[in-house]
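These are the residues of each chain, in order.
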Amino acid sequence: MEQFLAFGIVGLSTAAIYAVIGSGLVLTYVTTGVFNFAHGAAGMLAAFAYWQLSAGWGWPVPVALAVVLLVLAPAFGLFVERVLLRPVQHLGEVERMVMMVALLSGLIAAARWIWNPNEARPLPVFFADRAPLRAGPVTITWHQALTMAVAVVAAVGLWALLNRTRTGAEMRATVDDRALAGLTGADPVRANRVAWILGTQLAAAGGILIAPAVALDARQLSLLIVSAYTAAIFGRLRSLPLTFLGAVVVGCLESYLTGYLPQNAYLPGLRLAAPALLLFAALLLFPHRRLRGRDRRLAPVPAPSARGALVFAASVAALGAVLATVLQGKDLITLGPLLPLGIVALSYVPLAGYAGQISLCQLSMAGIGAVVWAHLGAGGQPWALVVAVLVSALVGALVALPALRLSGVYLALGTAAFTVVLDRWIFTLPSFDVLGVRISMFDQGSLEVSGPSLLGLRLDGERELMVLSAVCLALVSLGVAVLRRGRFGRRLIALRDSEAAYATLGGNLLAARVAVFALAAGIAGFGGALYGMQLRTITAEQFSLVAGLPIFLIAVIGGLGYVGNGLFSGTAFVGPNILLGLASWTQNVVAVLPALAGMGLGHSPDGLVPRLRREWEPVARDRVVLPAVLCVLALAWLLRIADAVNGWLLLAGALAGALALRGWAAARRGAAAEPEIPVEWWGVRRPWRAEDGEVLARGIARG
Amino acid sequence: MSALLELRGVRAAHGRITVLHGVSLSVAAGEVVALLGPNGAGKTTILRVAAGVHPAESGRLLLGGRDVTGARPGDLARAGVCLIPEGRGVFPNLSVRDNLLMMTFAGRTRAEIEEIAFTRFPVLAGRAGQTAGTLSGGEQQMLALARGLATDPAVLLLDELSMGLAPLVVGRLYEQVAEIARQGVAVLVVEQFAAAVLGIADRAAVLVRGRIERQGDPGDGLRAELSALYLGSAT
Ligand SMILES: Nc1ncnc2c1ncn2[C@@H]1O[C@H](COP(=O)(O)OP(=O)(O)OP(=O)(O)O)[C@@H](O)[C@H]1O
Ligand SMILES: [Mg+2]
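All values reported here derive from a predicted model rather than from experimental measurement. (Residues numbered from 1 in each chain as written. Chains lettered and ligands numbered in written order. Predicted model: local features only at pLDDT ≥ 70, side-chain atom pairs only at ≥ 80, totals over all residues. Heavy atoms only, no water.)

Draft legend 1. Region of interest: the overall build of chain A. Secondary structure summary: chain A contains 30 helices and eight strands in total. Restricting the contact set of chain A to residue pairs at least 6 apart, pairs at least 24 apart contribute 77%. For chain A, the accessible surface area stands at approximately 29900 Å², while carbon and sulfur atoms represent 67% of it. Averaging the locations of the 52 positively and 35 negatively charged side chains of chain A gives two centres separated by 5 Å. (Helix = DSSP H or I, 4+ residues; strand = E, 2+ residues; numbered from the N terminus. Contact = heavy atoms within 4.5 Å. Areas by Shrake-Rupley, 256 points an atom, 1.4 Å probe, with all protein chains shown as cover. Lys, Arg positive; Asp, Glu negative; His and termini not counted. Charge placed at Lys NZ, Arg CZ, Asp CG, Glu CD.)

Right under this line is the structure:
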């Protein structure tokens, strides 16, 4: 009994922290409409800052606390509001969420840069020197008591602020209708600022309170967000009392699982994954509705022309061949994952671009493909690759079934929870039997992966694998282009534009969603298997949620609706890795790049791929410049093969040449440019073009 | 009668397209002016300029003779300009009570506002805790109009109060509007459903493609002209 009570106290004090962080989530959601994935990361940053001031620089605890909670946290909240959110304020809910994912990913990378993750940083509990309080059989430390008191004060204070004051009403009114809030004498900007300051302060308080109990680790602290979100979902992201209750359920569940879970090789991960499982369950159980009147912005999804798709695929394959011949030694290994991860990123195009399903679990699907291939394809049998794709697709379909109830940002949250369950539990399991089939994961460590045998050839060297990946990326890109042009692709876009309309038109929502999830997971699994071949040894860590976020961000920045996104994302994500060897700090720079890119979303919400396309199209259409570009590239390539120039010179030379020629092409085009012809005269003063129909349709649809 | 609200030569644009080409319009205290015109004429834009939500490119906006061109919507609201926008002018995720709380900016206390709103619109009293977005269309318009009652505005700007409502409800709402005007408020009403508003209007203005084509008595001549305009038979 005493033990039971003791675990209860531990659970309640953890619950108090979840309640503090969770109520911050509710606050930011109801007052700014932002799904704040980075809330836990803000708490993490506060914990590190507090450690730096108090333990690192020896400031007195009260001063350090005051500086963090009253100066740094509000400043950070204002920074987020001003710099990150205002540029995407006019875009949709999903864009704002992507911003927060970028912030999460960026803060983890930045914290690991500033505070070397290999050093231990113990943080003392508060009032460590005071004897614990005793009440009958229960013992409560002062730190625990303080935590609970903070939670109660925060909850009551917030509730009163939101529901009993005009400021609270103004803050909630601002999310509903900014313009109308302005008409009723409120200041929407001020309301948002107050919300961000308070929200960040709550995150900071939670981070500082929990840091002594867990290790000061950037990833682990940031992922507290999972537990906090579980609590907030209990309150449907709206009700503070229910969030409090949710926090108690999660906190106690974790504590009692620690205490009473039987000792067994399969179960320790379950305890770690419990908040994520609970989050998944809570998302499914509690019907949630979006805030009313939230509009979505629908990005364009142009249909690639057959010729364009073929040319693109051929260029991808050619690029693989060039890379395989040009690169040497370490660079060959560093850039190996470029094309396989491009395939993984490409899986976002049908799923998120066409069907509008935001999923954060694509890299996990890649992990499943890699694991299956590692176990079955050790001998290089090609059928094992097919099995890897099928198993990933099957898992994708299984995720889609429960996720059918979720959409938009909730789907993103649900798939993130699923990924955490995989990371913390499933991927760490020793092998087990289901219905007589032996299922193995990462064998609790790492797996060796070998290359496949195709047509009697054993493809095991980096160069061969590079070419293989390029051909695969080319084929998958082509496949996605065909999909977009076909009936299924159009149905997916209809599904994205309006689920209700799709259903009333007789479409089968369940079938379409399951199919697109399975398809995307299959593509990701295929990419994952190739990625594994390049890496040669794989660990669960390489396929975790935190590892997958940058790929998602890069894919969003590329533009989710574009087939060229696979190549773009692979290049943009893996390309900078060639800088890794240059200096010790380049690794950290490379780690924060995707997050920084993601934060630039406001500047080109429709993606960089269409922009690149626009810029390079004159070159491709020019009958003089195109051959010139090809000649320059071929020449550079030959020089490199003959070892006359080194890789950097080649890169610089090829880039400079191509850019110069692009300028030339633009100039030539400008000279011959047709005058802008008003829409009414298309097809009269100039010939009707194939793409005009779509341009007009979109123009009309946008009003 | 001196004008309480006055627009002088207002030009306004959406992006590069000019929507208002020098509109001059005035409304005196206690007067109801109906602003009529075909879809897309720029009626909503006029109201938005008058409430400070949309910037005027040139021209002046005067409130009680004072130049308030370029003032922010919040400041104009405190100065007594009340715009009930097109669609539903309520906060859909806030309860009826919280919507009423948002009306306290003009100085009345929450209790006084609830008292006013619930006596004028008794249905709302029974729904005080309900989320405004789940009210019926008519109830939402009543809640929106309550702002015009409870904040003691000097100028009330109404945009398509009747949108999607049954004629009976529209009639009741406009009775309230007439009542508000009798207390000395300057009322500018935009309405497609011209019959509903011409009954209470003292004056009517017809806006066509961003210009006031006609102003004057809401008499039969205007009605004939309007029907020609809407049916597209005359020029
Ligand atoms: N946000 C906007 N962006 C671009 N153009 C706009 C915008 N809002 C209105 N317009 C254009 O300005 C013109 C005038 O619009 P306004 O809403 O003022 O018309 P209205 O007279 O109120 O029409 P209705 O009777 O249909 O409500 C229209 O041609 C409209 O297309
Ligand atoms: Mg209008």
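Draft legend 2. Inspection of the site of ligand 1 at higher detail. Residues and elements named next belong to chain B. The local shell around ligand 1 holds 13 residues, among which Asn39, Lys43, Thr44, Thr45 and Gln192 are the closest. Lys43 places a side-chain nitrogen or oxygen 2.6 Å from an oxygen atom of ligand 1. At 2.5 Å, a side-chain N or O of Thr44 approaches an oxygen atom of ligand 1. For ligand 1, whose unbound accessible area comes to 630 Å², protein coverage reaches 57%. (Near = heavy atom within 4 Å. Polar contact = N/O pair within 3.5 Å; in protein donor to acceptor, adjacent residues only side chain to side chain.)

Draft legend 3. Quick peek at the layout of surface pockets. Residue and element names in this part refer to chain A. Roughly 1200 Å³ of internal volume is contained in the second largest pocket. Of all the elements in the fold, those that place two or more residues in the lining of the second largest pocket are helix H4 (93-114), helix H23 (509-535), helix H24 (545-558), helix H25 (565-574) and helix H26 (586-599). Residue contributions to the lining of the second largest pocket peak at seven residues, all from H26. (1 Å grid on protein atoms, 1.4 Å probe; cavity = no way out; pocket = protein on both sides within 12 Å on 5 of 7 lines; lining within 4 Å. Points joined across faces, edges and corners; volume = space filled by probe spheres on them.)

Draft legend 4. Molecular detail of the nonpolar core. Within the largest apolar cluster, 202 residues are counted, with the highest numbers of intra-cluster contacts made by A:Phe35, A:Phe37, A:Met97, A:Met100 and A:Phe552. There are two domains that each give this core at least three residues, and those are domain 1 (2-115 + 140-260) and domain 2 (323-602) of chain A. Apart from the residues within four sequence positions on either side, A:Met100 is in contact with A:Val34, A:Phe35, A:Asn36, A:Phe37, A:Ala38, A:Val80, A:Leu85 and A:Trp196. Counting 47 residues, the second-largest nonpolar core is a separate cluster that includes B:Ile84, B:Ala128, B:Leu161 and B:Val177. (Core = buried A, V, L, I, M, F, W, Y, C linked by side-chain atoms within 4.5 Å. Buried < 20%, exposed > 50% of the residue type's maximum accessible area, 1.4 Å probe, protein only. Domains from an automatic or database assignment.)

Draft legend 5. Fine view of the pattern of salt bridges. Taken as a whole, this structure holds 20 salt bridges over all chains when the rule is applied. B:Arg110 is the salt-bridge partner of B:Asp98, the closest N and O atoms lying 4.0 Å from each other. One end of the pair, B:Asp98, is in helix H3 (residues 96-101); the other, B:Arg110, is in helix H4 (residues 110-120), with 12 residues separating them in the sequence. One salt bridge connects B:Glu179 with B:Arg182, and the closest N-O pair in it is separated by 3.3 Å. Highlighted residues: B:Glu179 and B:Arg182, both in helix H7 (residues 167-182), separated by three residues, approximately one helical turn. Note on B:Glu179: relative accessible area 28%, which makes it partly exposed. Through salt bridges that share partners, A:Arg172, B:Arg97, B:Asp98, B:Arg110 and B:Glu114 make up one connected network. (Salt bridge = Lys/Arg side-chain N within 4 Å of Asp/Glu carboxyl O.)

Draft legend 6. Local environment of the side chain of B:Asp159. Residues and elements named next belong to chain B. Looking at the element boundaries, Asp159 is found in strand S7 (residues 155-159). Of the buried charged residues, Asp159 lacks a salt bridge, with Lys43 as the closest side chain of opposite charge at 7.0 Å. For Asp159, the side chain forms a polar contact with the side chain of Thr44, separated by 2.9 Å. Ignoring anything within four residues of it in the chain, the contact list for Asp159 reads Thr44, Leu47, Ile84, Pro85, Glu86 and Val190.

Draft legend 7. Just the pairing of strand S4 (residues 58-63) of chain B, in detail. Residues and elements named next belong to chain B. Examined bridge by bridge, strand S1 (residues 3-14) and S4 share five bridges and lie antiparallel to one another. Bridge pairing in S4 links Arg8 to Arg60. Note: S4 against strand S5 (residues 66-67), two bridges, orientation antiparallel. Bridge pairing in S5 places Leu63 opposite Arg66. In textbook terms, the turn of a hairpin is the stretch between consecutive antiparallel strands, and for S4 and S5 this stretch comprises two residues, one of which, Gly64, has a positive phi near 55°. (Pairing = 2+ DSSP bridges.)

Draft legend 8. Representation of the sheet that holds S1(B) within the structure. Spatially, S2-S1-S4-S5 (chain B) is the arrangement adopted by the four strands of the open sheet, whose pairing is antiparallel. With partners counted over all chains shown, the strands left at the sheet margins are strand S2 (17-28) and S5 of chain B, one partner each.

Draft legend 9. Examining the coordination of the magnesium ion (ligand 2) more closely. Residue and element names in this part refer to chain B. Distances from the magnesium ion (ligand 2) to its protein donors, Thr44 (OG1) and Glu86 (OE), fall within 1.9 to 2.6 Å. Residue Thr44 is located in helix H1 (residues 43-50), and its partner Glu86 is located in the loop between strand S6 (81-84) and H3; the two are separated by 42 residues in the primary sequence. Assessed through its relative accessible area of 23%, Thr44 is described here as partly exposed. On the accessibility criterion, Glu86 (38% relative accessible area) is partly exposed. (Donors = N, O, S within 2.8 Å, 3.2 Å for Na, K, Ca; no water.)

Draft legend 10. Examining the packing of helix H2 (residues 39-56) of chain A against helix H8 (residues 188-210) of chain A more closely. Residue and element names in this part refer to chain A. At their nearest, the axes of H2 and H8 sit 7 Å apart, and the two run at 60° to each other. It follows from the interaxial angle that H2 and H8 lie oblique. Remark: the crossing between H2 and H8 carries right-handed chirality. In this structure, H2 contributes His39, Ala42, Gly43, Ala46, Ala47 and Tyr50 to the contact, and H8 contributes Gly199, Thr200, Ala203, Ala204, Gly207 and Ile208. Across the contact of H2 with H8, the residue classes break down as seven nonpolar, five polar and no charged. (Axes fitted to C-alpha atoms, helices over the stretch in contact; angles between N-to-C directions. Parallel < 35°, antiparallel > 145°, perpendicular 65-115°, else oblique. Left-handed = near helix turned anticlockwise from the far one by under 90°. Nonpolar A, V, L, I, M, F, W, Y, C, P; charged D, E, K, R; others polar.)

Draft legend 11. Seen up close, the interface of chain A and chain B. Facing the 20 residues of chain A at the interface are 24 residues of chain B. Interface of chain A and chain B: buried area, both sides summed, is about 1900 Å²; carbon and sulfur atoms make up 60% of it. For the interface between chain A and chain B, the tally reads one salt bridge. Close ionic contact of B:Asp98 with A:Arg172 constitutes a salt bridge, the shortest N to O distance being 2.7 Å. Viewed at the interface, chain B and chain A are joined by seven residue pairs in polar contact (both at pLDDT 80 or more). Contributions of two or more residues to the side of chain A that touches chain B are made by helix H6 (166-176) and helix H7 (178-183) of chain A. With six residues, H6(A) is the single largest residue contributor to the side of chain A that touches chain B. When the residues that make up the side of chain A that touches chain B are grouped by side-chain class, the tally is seven nonpolar, four polar and nine charged. (Buried area = accessible area lost by both parts, 1.4 Å probe.)

Draft legend 12. The arrangement of the domain arrangement of chain A in detail. Its domain assignment divides chain A into domain 1 (2-115 + 140-260), domain 2 (323-602) and domain 3 (673-702). For domain 1 of chain A and domain 3 of chain A, the distance between their C-alpha centres works out to 50 Å.

Draft legend 13. Spatial organisation of the pairing of S7(B). All names here are of chain B. In terms of residue burial, S7 counts as a mostly covered element, since five of its five residues are buried. Where burial is concerned, the two faces of S7 agree: the one with Val155, Leu157 and Asp159 and the one with Leu156 and Leu158 are both buried. Here four bridges tie S6 to S7, and the two strands are oriented parallel to one another. For Cys82, the partnering residue across the bridge sits in S7 and is Leu156. The pairing of S7 with strand S8 (residues 186-190) spans five bridges and is parallel. The partner of Leu156 across the bridge, within S8, is Val187. A crossover connection joins S7 to the parallel S8 through H7; in handedness this β-α-β unit is right-handed. (Right-handed = clockwise from strand over helix to strand, strands pointing away.)

Draft legend 14. Up close: H1(B). Residues and elements named next belong to chain B. Among the eight residues that make up H1, six are buried, leaving the element largely enclosed by the rest of the structure. When we look at burial in H1, the residues that qualify are Lys43, Thr45, Ile46, Leu47, Val49 and Ala50. Phi for Gly52, located one or two positions after H1, is positive at around 80°.

Draft legend 15. Structural view of the sheet that holds S7(B). All names here are of chain B. Here six strands make up an open sheet; going across it, the order is S6-S7-S8-S3-S9-S10 and the pairing mixed. Both edges of this open sheet fall to S6 and strand S10 (211-216), since each of them pairs with a single strand only. Put simply, the sheet's adjacent strands are angled 15° from each other on average, direction ignored. Of the pairings in the sheet, the one linking strand S3 (residues 32-36) to strand S9 (residues 203-208) comprises four bridges and is parallel in character. In the sheet register, Ala34 faces S9, and the bridge partner there is Ala204. Packing against the sheet, H1 makes contact with S3, S6, S7, S8 and S9, and its axis sits at approximately 150° to S7.

Draft legend 16. Expanded view of the packing of aromatic side chains. Residue and element names in this part refer to chain A. Applying the stated criterion to the full structure yields 19 aromatic pairs over all chains. Their ring planes at 35° and their centres at 6.0 Å tell us that Tyr50 and Phe126 sit as a pair that is tilted. Of this pair, Tyr50 sits in helix H2 while Phe126 is found in the loop between H4 and strand S1 (133-135), placing the two residues 76 residues apart along the sequence. There is no split in this pair, since Tyr50 and Phe126 are both buried. Both rings, one in Trp57 and one in Trp59, keep their centres 6.3 Å apart while their planes meet at 40°; by these two values the pair is tilted. Classification of Trp57 as exposed rests on a relative accessible area of 55%. A relative accessible area of 34% places Trp59 in the partly exposed class. Here Arg121 stacks its cationic end above the ring of Trp51, 5.0 Å away from the centre of that ring. A cation over an aromatic ring shows up here: Arg130 above the ring of Trp142, its NZ or CZ 4.8 Å from the ring centre. (Phe/Tyr/Trp six-rings, centres within 6.5 Å; stacked < 30°, edge-to-face > 60°. Lys NZ or Arg CZ within 6 Å of the ring centre and 35° of its normal.)

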